[in-house]
Amino acid sequence: MPDLRPGDVLCFQYRDRRLMARAIEYVTGSVYTHCGTYLGGDQVGEATGSGYAIGSISRYRAECVSIRVVPFPGDNEGRRRVVDFAIALVRTDLRYGWL
């Protein structure tokens, strides 16, 4: 993987393409079906069905065929603010659902 920097967006293409992943691929026209924010170290912030969580990038390396890195376009202050915001989300009751 290229040099990761906190705040970069990671797009994941899973090996195991279940029904939901195939539906997302169909609707979006993309092979990437999940994404998260790189927080540094081995940490990725991500939305889950039960809220926002911090996961392990090592897990994604094992489960994915491809991980695309979309570099954060801002400066280091912007990166810090994105990471701080993502970490703060873990302590909230943020949920998302189907439209």
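Residues numbered from 1 in each chain as written. Predicted model: local features only at pLDDT ≥ 70, side-chain atom pairs only at ≥ 80, totals over all residues. Heavy atoms only, no water.

Visitor: What is the right way to look at the environment of Val83 in this model?
Guide: Tracing the sequence through the fold places Val83 in helix α3 (residues 76-89). The spacing of Val83 and Gly40 is 43 residues in sequence and 8.6 Å in space, taken between C-alpha atoms. Residues in contact with Val83, not counting those within four places in the same chain, are Pro6, Gly7, Tyr38 and Leu39. (Helix = DSSP H or I, 4+ residues; strand = E, 2+ residues; numbered from the N terminus. Contact = heavy atoms within 4.5 Å.)

Visitor: Help me understand the environment of Asp3, please; the structure alone is not making it clear to me.
Guide: Inspection of the secondary structure puts Asp3 in the segment before β1 (9-14). With relative accessibility at 73%, the residue Asp3 sits in the exposed group. Between the C-alpha atoms of Asp3 and Pro71, which are 68 residues apart in sequence, the distance is 9.6 Å. (Buried < 20%, exposed > 50% of the residue type's maximum accessible area, 1.4 Å probe, protein only.)

Visitor: Teacher, can you tell me more about the state of the cysteines here?
Guide: The term disulfide refers to a covalent linkage connecting the sulfur atoms of a pair of cysteines. Scanning the entire structure with this criterion turns up 0 disulfides. We note that Cys11 lacks a disulfide partner, and the nearest cysteine sulfur, in Cys35, lies 5.6 Å from it. (Disulfide = S-S within 2.5 Å.)

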